[in-house]
Amino acid sequence: MIAHSLCSRCTATNSSVSRAQLTFGKAVSSTGIATKPTTKVAARASFEVIAGKMKTRKSAAKRYKVTASGKVLHRRPGKAHLNGPKTSERKARLSIEATVGTSQLSLVRACLPYARL
């Protein structure tokens, strides 16, 4: 734990750090004037990235729905506008989601790397 002058718990447990050392990169002298730190306050945490993360295409995530069995559903095109001349049966048919074909499934899988396909 790094001590600072604001918390009595920290100064009581770690008395080896003086008042002149702060965790914010600035040191405060006994007069209260900010000066440059003279010693290294804390070792920075280092970490390694073992493998890069794949990114999900957000546009594809909004367009496709993956079912529990692994099927991919999509909306049928043709019902966004100009619905007046279309019959109600046709509009109802366009409301039903359809499954993505096997030829397009590899493209969807590339866009949704973390989906269980």
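What comes next is a walk through the structure. Starting afresh in each chain, residues are numbered from 1 along the sequence in its written order. It should be noted that, the model being predicted, local features are given only for residues of pLDDT at least 70 and side-chain atom pairs only at 80 or more, the latter also being counted only at that level, while totals for whole chains, interfaces and linings use all residues. Where side-chain values are given, they derive from all heavy atoms of the structure, hydrogens and water being excluded.

## As for the sheet that holds strand S5 (residues 98–99)
Thinking step 1. We treat two strands as partners when DSSP finds at least two bridges between them. Secondary structure elements are defined from DSSP: runs of H or I of at least 4 residues count as helices, runs of E of at least 2 residues count as strands, and each element is numbered from the N terminus. Across the sheet, 3 strands lie side by side as S3-S4-S5; this open sheet has antiparallel pairing. Each edge of the sheet is formed by a strand with only one pairing partner; in this case those strands are strand S3 (64–66) and S5.
Thinking step 2. Examined bridge by bridge, S3 and strand S4 (residues 72–74) share 3 bridges and lie antiparallel to one another. Pairing of Val-66 across the sheet is with Val-72, part of S4.

## Here's the deal with the side chain of Lys-86
Thinking step 1. If you trace the backbone, Lys-86 turns up in the loop between S4 and helix H3 (88–95).
Thinking step 2. Partly exposed describes any residue whose relative accessible area lies between the buried limit of under 20% and the exposed limit of over 50%, with all areas from a 1.4 Å probe on protein chains only and scaled to the type maximum. For this count, His and the chain ends are skipped, Lys and Arg are scored as positive, and Asp and Glu as negative. Salt bridge, as used here, is a side-chain nitrogen of Lys or Arg placed within 4 Å of a carboxyl oxygen of Asp or Glu. An unpaired buried charge is present at Lys-86: no salt bridge exists, and Glu-89, the closest side chain of opposite charge, is 13 Å distant.
Thinking step 3. Note on contacts: a residue pair is in contact if any heavy atoms of the two residues lie within 4.5 Å. The residues touching Lys-86, leaving out its near neighbours within four places in the chain, are Gly-78, Lys-79, His-81 and Lys-91.

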